[in-house]
Every structure is written in C-alpha cells, then in structure tokens.
Amino acid sequence: FNSFVTRTNTCGELRSAHVGQEVTLYGWIQYQRQGLFLVLRDFQGLTQVIIPQDEAHSHVKQLLSNAPVESVVRVTGIVSPRPPGQENLKMPTGDIEVKAETAEILNSCKKLPFEIKDFIKKSEALRMQYRYLDLRSYQLQYNLRLRSQIVMRMREYLCNLHDCMLKGAKEFLVPSREAGKFYSLPQSPQQFKQLLMVGGLDRYFQVARCYRDEGSRPDRQPEFTQIDIEMSFVDQAGIQRLIEGLLQYSWPEERGCVTTPFPSMTYEEALAEYGTDKPDTRFGMKIMDISDFLRRLDIQFVQNALSYPRGTVKAICIPQGARYLKNKDLESLKTSAKSQFNQEIMEIICRPDGSLKSLLTKFLGEKQQSELIQALNMQVDDVVLLAAGEHKQVCSALGSLRLESADILEAAGLVLRDPAAFHFLWVVDFPLFLPKEENPTELESAHHPFTAPHPSDTNLLYSDPTKVRSQHYDLVLNGSEVGGGSIRIHSAEQQRFVLEKVLKEDSEVLSHLLEALEFGAPPHGGIALGLDRLISLIVDAPSIRDVIAFPKSFRGRDLMGSAPDYVTPEELEPYHIQVSWPLAEKEAKQS
C-alpha cells in the first residue's frame, strides 16, 4: 500500500508493534473533538491522532483544531499506546494513537452537503449529485473493492485455468457524420462473440460494458456490466459447470462457501411451485395444486375454472398468517392479485379450534373441511390464499402474493429469508417462443432469436413452434436472475427459418451472421452474468447503484454531470440532425 507514495503507513495498519515509531499519515479528518484529538481516515481505516497542547507545537494545534471536517491533511508523529482503559476494541487500530508533531493541510473542505457517515440518511438524488463524496463512505468503498476482487478472481479463473481469450429493450442510437446514419450501442456483444466462435477462437470472455435504453429500476441501469462468455463444442452442462466453478473460485471468503453443483429446475416446475421463473428458494410457502380435491365438489366457480384448457385451482399456505396479517393486509393482497393479474383470491383461515373460516366452507361438509386441511397441510393460525383459473395466470398471481406475504411477515418480525444465505438455482427448459403481448397470434423469442431448440423438440420447430423448449438456461440467486445464456443455433438454414417463418422478421438485417454460419460454424454456446446485480446481492445492497462507482439516477440521469443535456444547433450540424426546439423548450419548462 505504501510503495511509490510519501506516507509511511495507512490509517488502518498501525498496531501495538509500531509503538515508538515515527510515522507519516495522509487522510481525511473524519472527526475532531475540542482541539484535543481527531480521527484520520483513509481507504484502509481509521487512526486516532492526538493534537499537541504544549506551546512548542501551538502552530500544529491551531492548524488541526481549526481544520474543517473532511479536509485532507498530512500528519507526522510518534505511535504511542493508548492510556489504560481508553483502548477502543471496535477499531483495529484501537490500541494505539499517534501523537502529532508536524501537520499540513493539503486541502481544506468547504461546508458539506451531507455528513460522510453510513448511518446518516441522504436522498438518492443528493447522493448521485455528489457521488464523489458518497464514495468516501465505508460501505460504498467496501462494495467497490469487493467487486474488484471478485472480477480479478474471475479473470484468473477464466484466463489462467481455462484458457479463455480476453477480449428486450431498445438500443441507444449514436449519430454519425454520414447523413441519416447512426451507430447502435449493443445491449450485449451477442453477435460478435458468436462470430468469434465462427473464427475458430474456441473460447472467449469479456468484462463487457453494455447499454440498454429503458427506465431505471433498483436492479437495472441504462449502462451495466456483464461477464460475457462464449465457448465452442460445448453443451449446456459444460457451461453450467464452468459458471459453478467460476463462482466458487471467485466467491469472497467472508460470505461463506459456495456448494456445487447448483440445483436445477425446469421452467414449468418453477412456475408451478413458485409462480415465477426466478424462484427465491430460501423459504417455503410453495404453490399447491388442489384441483383434484375440489374437482369432485359441486362448486360453480371451481368447475368454471377447471373447464379452461389449462384450468386449475391452486393455493399457498402462509404459516401463522392469522397472527401477523391484518384484515387490511389480506385486502391489499387480494387487490394486488386483481390489479396485476386480474385474478380473484379467496382466503381460508384455520381458527384456534381447528375449524375453517372462509366463504368456501359453505360448500364443504365437516369431513370435507378436514380433508381440505389435510390436503393443504394447514396448522392453527395458518392462512391459505386460493386462486382458480388458467394455469399461468393463477401461478403468477400466487407467486407474487408469496413474495408480498413474506415481506409483510418479515416486517412484523418473522425471519423467512436469511440475508446471509445464498441459494443458487439453474432454471432450464424454457419455451423457445412466447405469444406477443400486443398480438397473441404472433410469436416472439423468449430469450433471443439465436437460441437453439431443445434436441428433443427440433421436429416441433417446423410443425408446432409453440410447444418447442429451448436450450436456454438462467442462473438465479435468492430470487433474482444473475445470469442467462443458451446453446446457439449454428445452422444457417435453421437460423433463417426461425427469423423468417416463425418470427416473421426481415433476415436481411442479420445477413452477415447468416452468411458466417454457412462457412462451417462450430456448435457453440455461452452465458452472461450480470456483475452489478451479483455484487449487490453478495453485499446485500438495496440497489445496484450502491455497487457502481458513478451510476445513473432512477430516471437514467447523471445528476453530478447534469447529463443528458441540450446541445446547440451548431453542435448538431455535423451530424445532420435537427431538433424541434420549441418542443424541447416546452419539455424543459415542464421538467
């Protein structure tokens, strides 16, 4: 740490063994008390500095006593043991202090917009505007250093151990000096890494900066970083083994160990049991199918639901829900299911005497109620949320309510999802195509149009593409997708059929890729890990913006540099672009 610099030590490394040594420290004044002592901070830690009180060092006292907090100073002094009883066991340097002999203010700090302390609440807009100050906080520095260490370990694993070569939304457009022509910033290097495989490079990875033109969310940014990997002559199991080894090798020691192989679940299993393709498996409350039990009962809404082609009746059981869920919580859950999924929900509550409270009980005899309790594995004070209707809609609604219920229970003091636990899961066998939301009679790629069909379903591609499974795989951690990839189509004929016949796309746009596939493209596949999201989960950060040095705001703006911003017509002239300025001025006034 001290090579090539003029300090002798950092503020985090002095110990009792250094007592008696003269040291020179550089750092920021974190705290100063009544001209008696101050706490000096740098990237590695804190050191207490005693301000001299004798006349011979009066200039040092005046300098350090009057220096504003967060000023940058140099202090030279002698390391001394703290007086007995004044040791600070919470500080690694808490057994010693430095008695200042000389000091210099390298840069004074003006009044701060907020205190540089992790426990001080700051608005996100203020943090983004003064990001260079926010970066001084311990938590942000820890997040970024851990990110750097993990990426370094990933590079070691992929380059040294596995000989890899380094190298849904709209895309950002960048104007060129050719009239009417634009560059497009790629959401990912998808086509290029496939072309590397066609070029015979066998395996590649890149810490890739990618861009996506969409609204920001806590786990999304307009610019993001991914660990991008592609390999030739590989299958799905090979990619999965590589990633499991990569994460195991690069995982920070302080977060425990990663156990491999990761469990795997098909898309259909995930939807049926958790109502989502990214299940949080840290807690139970799985979706249960009670269609067979209710099918034999003459209940109109049940029979109506089961008459759908994929009609079903399913439920989740919230343990001890009657103790923790208030009436307003139950109403909120039902309203949520109705507004988001157009799904009606019926609750069933198990009273202390073992009887059931529900609108459903008027259709059930005593024996049938007992059988229902057994089918749902209900205990006293449990609450069951029941939904009937089309399979995917019912599962999606209950999956959402499962997570919302967990939030309510945890807010009331129950611990369901251990923040220190890391549950990895592979989700496989996704559908290759999905109906378009705006026009269900047309199909779109569930992953991307270069994903290969499942070997068992290749014939269905030409007869009934809606039933084709893909060789697409997602890696899920604690209910968040942290990676996704697929085995690619390496046949030009099959790729052209998917683009033109199934997706009804103009294949001319991808003529370069189609032509490349005709020149002996090897079987290949790959994956991309979302680095920002992965690190944020490891450090339990509420947003990926807490693990990026200079992120954009929630609305995708750079509040520190005031970007994006307007430019003059003269600046736009070389790019052959004209802007409707009255409209721009109107928008500026509205914002």
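Keep in mind it's a predicted model, so treat the numbers as computed, not measured.

Peer 1: Residue-level account of the side chain of His-448, with values.
Peer 2: Structurally, His-448 is set in the loop between strand E19 (443-445) and helix H14 (460-463). A polar atom in the side chain of His-448 sits 3.3 Å from the side chain of Arg-488. Contacts of His-448, omitting those with residues within four sequence positions, involve Gln-190, Ser-486 and Arg-488.

Peer 1: Explain a nonpolar patch on the surface residue by residue, including any values.
Peer 2: A surface patch of nonpolar side chains, about 290 Å² in accessible area, is lined by Tyr-132, Phe-550 and Met-560. If you trace the backbone, Phe-550 turns up in the loop between helix H17 (531-538) and helix H18 (569-572). When its relative accessible area of 44% is taken as the criterion, Phe-550 is described as partly exposed.

Peer 1: Talk me through the pairing of strand E2 (residues 37-41); I want residue IDs and the actual numbers.
Peer 2: Counting buried residues along E2, 5 of its 5 residues qualify, which places the element largely inside the surrounding structure. Burial along E2 is two-sided: the face carrying Phe-37, Val-39 and Arg-41 and the face carrying Leu-38 and Leu-40 are both buried. In this structure, the hairpin formed by strand E1 (residues 22-33) and E2 is closed by a connection of 3 residues, where Gln-34 is found at a positive phi of approximately 50°. Sheet topology places E2 next to strand E3 (residues 46-50); 5 bridges connect them, and they run antiparallel. Within the sheet, the bridge partner assigned to Val-39 lies in E3 and is Gln-48. Counted along the chain from E2 to the antiparallel partner E3, the turn is 4 residues long.

Peer 1: Can you lay out the sheet that holds strand E12 (residues 288-289) for me, pointing to particular residues and giving the numbers?
Peer 2: One open sheet accounts for 5 strands, arranged E12-E13-E16-E14-E15; its pairing is antiparallel. Edge strands, defined here as strands with exactly one partner in the open sheet, are E12 and strand E15 (356-357). By the bridge criterion, 8 bridges tie strand E13 (residues 311-318) to strand E16 (residues 383-390) in an arrangement that is antiparallel. Counted as the bridge partner of Ala-315 is Leu-386 from E16.

Peer 1: Quick rundown of the packing of aromatic side chains? Include the residues and the values.
Peer 2: Going through the model one piece at a time under the given rule, you end up with 9 aromatic pairs. With a centroid separation of 6.2 Å and an interplanar angle of 25°, the aromatic rings of Tyr-138 and Tyr-142 are classed as stacked. Of this pair, Tyr-138 and Tyr-142 both sit in helix H4 (residues 138-161), 4 residues apart, roughly one helical turn. Ring geometry for Tyr-267 and Phe-430: centres 5.4 Å apart, planes at 40°, overall tilted. Of this pair, Tyr-267 sits in helix H7 (residues 267-274) while Phe-430 sits in the loop between strand E17 (424-428) and strand E18 (433-435), placing them 163 residues apart in sequence.

Peer 1: Can you tell me about the nonpolar core, naming the residues and giving the values?
Peer 2: Soluble globular proteins tend to pack their nonpolar side chains together in the buried interior. Core analysis: the largest hydrophobic core is formed by 50 residues, its most contacted members being Ile-229, Ile-243, Leu-247 and Leu-475. It is H4 that provides the largest number of residues to this core, a total of 6 residues. When near neighbours in sequence (up to four residues on either side) are disregarded, Leu-247 contacts Met-154, Val-258, Phe-262, Phe-424, Leu-475, Leu-529 and Leu-534. In this structure, Phe-283, Leu-330, Val-383 and Leu-425 belong to the second largest nonpolar core, which totals 30 residues.

Peer 1: So what's going on with the sheet that holds strand E4 (residues 72-81)? Which residues, and what values?
Peer 2: Sheet strands line up and pair through hydrogen bonds in the backbone, either parallel or antiparallel. If you trace the 5 strands once around the closed barrel, you get E1-E2-E3-E5-E4, paired in mixed fashion. Taken pair by pair, the neighbouring strands of this sheet meet at an average axis angle of 55°, ignoring direction. Both E4 and strand E5 (residues 96-107) contribute to a ladder of 10 bridges, which runs antiparallel. In the sheet register, Val-72 faces E5, and the bridge partner there is Asn-107. On the sheet, helix H1 (residues 58-66) packs against E1, E2, E4 and E5 and is oriented at approximately 75° with respect to E5.

Peer 1: Hey, could you go over unusual backbone geometry for me, with residue numbers and the actual values?
Peer 2: Omega for the peptide link from Thr-260 to Pro-261 comes to -5°, which places this bond in the cis form. If you trace the backbone, Pro-261 turns up in the loop between helix H6 (236-250) and strand E11 (264-266). Omega for the bond connecting Ala-563 with Pro-564 falls within 30 degrees of zero, at 0°, which places this linkage in the cis form. Relative to the helices and strands, Pro-564 resides in the loop between H17 and H18. Of note in this structure, Asn-342 is not a glycine but carries a positive phi near 55°.

Peer 1: An account of the confidence of the model for the protein chain is requested, with residue identities and associated values reported.
Peer 2: Any residue range with low pLDDT should be treated as having predicted coordinates unsuitable for detailed reading. Chain-level pLDDT for the protein chain is 88 on average; 93% of the residues reach the 70-or-more range. Put simply, helix H19 (residues 581-590) is where the protein chain has its lowest mean pLDDT, 53, and E17 is where it has its highest, 98.

Peer 1: For the packing of H7 against helix H13 (residues 391-411), give the residues involved together with the corresponding values.
Peer 2: At a closest axis distance of 7 Å, the pairing of H7 and H13 adopts a crossing angle of 60°. Considering the angle they form, H7 stands oblique to H13. Residues Tyr-267, Glu-268, Leu-271, Ala-272 and Tyr-274 of H7 form the contact with H13, whose own contacting residues are His-391, Lys-392, Cys-395, Ser-396, Gly-399 and Arg-402. Grouping the constituent residues of the contact of H7 with H13 by class yields 5 nonpolar, 3 polar and 3 charged.

Peer 1: Can you explain the packing of helix H11 (residues 327-341) against H13? Please cite residues and give values.
Peer 2: Running from N to C, H11 and H13 point in directions that differ by 145°, and their axes come no closer than 10 Å. Seen along the crossing, H11 lies across H13 with a hand that is right-handed. On H13, the residues that touch Asp-329, Leu-333, Ser-336, Ala-337, Gln-340 and Phe-341 of H11 are Gln-393, Ser-396, Ala-397, Ser-400, Leu-401, Glu-404, Ser-405 and Ile-408.

Peer 1: Residue-level account of the environment of Leu-271, with values.
Peer 2: Note on placement: Leu-271 falls in helix H7. Placed 125 residues apart in sequence, Leu-271 and Ser-396 show a C-alpha to C-alpha distance of 7.2 Å. Once residues lying within four places of it in the same chain are set aside, the contact partners of Leu-271 are Thr-276, Ile-287, His-391, Lys-392, Cys-395 and Ser-396.

Peer 1: With reference to specific residues and values, describe a negative patch on the surface.
Peer 2: Side chains of Glu-500, Glu-505, Asp-506 and Glu-508 sit close together on the surface and give a patch of like negative charge. For Glu-505, the location among the structural elements is in the loop between helix H15 (492-502) and helix H16 (511-517).

Peer 1: Go over the domain arrangement of the protein chain, please, and point to the residues and values.
Peer 2: Its domain assignment divides the protein chain into domain 1 (16-107), domain 2 (126-254 + 525-590) and domain 3 (283-412). With centres defined by C-alpha atoms, the gap from domain 1 to domain 3 works out at 63 Å.

Peer 1: Give a description of the side chain of Arg-147 that names residues and reports values.
Peer 2: Mapping Arg-147 onto the fold places it in helix H4. On the basis of relative accessibility, which here comes to 14%, the residue Arg-147 falls in the buried class. Apart from the residues lying within four places of it in its own chain, the contact partners of Arg-147 are Thr-225, Leu-531, Asp-532, Ile-535, Val-547 and Ile-548.

About the cut-offs
Counting from 1, residues in each chain are numbered in the order their sequence is written. Thresholds applied to this predicted model are a pLDDT of at least 70 for local features of residues and 80 or more for the giving and counting of side-chain atom pairs; totals over whole chains, interfaces and linings are not thresholded and use all residues. With hydrogens and water set aside, each side-chain value is computed from the structure's full complement of heavy atoms. The secondary structure listing takes helices from DSSP runs of H or I that are at least 4 residues long and strands from runs of E that are at least 2 residues long, numbered from the N terminus. As used in this structure description, the phrase polar contact means that two N or O atoms lie within 3.5 Å; if the pair is within protein, one of them must be able to donate a hydrogen and the other to accept it, and residues adjacent in sequence are counted only when both atoms belong to side chains. In what follows, a contact means two residues having at least one pair of non-hydrogen atoms within 4.5 Å. Patch membership needs two things, relative accessible area over 30% and no salt bridge, and members are linked within 9 Å if like-charged or within 5 Å if nonpolar (Val, Leu, Ile, Met, Phe, Trp, Tyr). The method behind every accessible area is Shrake-Rupley, applied with a 1.4 Å probe, and residues are considered shielded solely by the protein chains displayed. Any Lys or Arg side-chain nitrogen found within 4 Å of a carboxyl oxygen on Asp or Glu counts as a salt bridge. Relative accessible area decides the class of each residue, using a 1.4 Å probe on protein chains only: under 20% of the type maximum gives buried, over 50% gives exposed, and in between gives partly exposed. A pair of strands counts as paired when DSSP detects no fewer than two bridges linking them. For Phe, Tyr and Trp, rings pair up if their centres lie within 6.5 Å, where Trp contributes its six-membered ring, and each pair is then called stacked (planes under 30 degrees apart), edge-to-face (over 60) or tilted (otherwise). Among the buried residues, those of types Ala, Val, Leu, Ile, Met, Phe, Trp, Tyr and Cys that are joined through side-chain atoms within 4.5 Å form a nonpolar core. Helix axes are fitted only over the stretch in contact, all axes being lines through C-alpha atoms; the angle between N-to-C directions runs from 0 to 180 degrees. pLDDT is a residue-level measure of predictor confidence that goes from 0 to 100. Each angle gets one of four labels, with under 35 degrees taken as roughly parallel, over 145 as roughly antiparallel, 65 to 115 as roughly perpendicular, and the rest as oblique. Throughout this entry, Asp, Glu, Lys and Arg are counted as charged residues, while Ala, Val, Leu, Ile, Met, Phe, Trp, Tyr, Cys and Pro are counted as nonpolar. The remaining residues, Gly among them, count as polar. For a crossing to be left-handed, the near helix must be turned anticlockwise from the far one by less than a right angle; the clockwise case is right-handed. Charge assignment: positive for Lys and Arg, negative for Asp and Glu; neither His nor the chain ends contribute. Each charge is placed at NZ for Lys, CZ for Arg, CG for Asp and CD for Glu. The domain boundaries here were taken from an automatic or database domain assignment.

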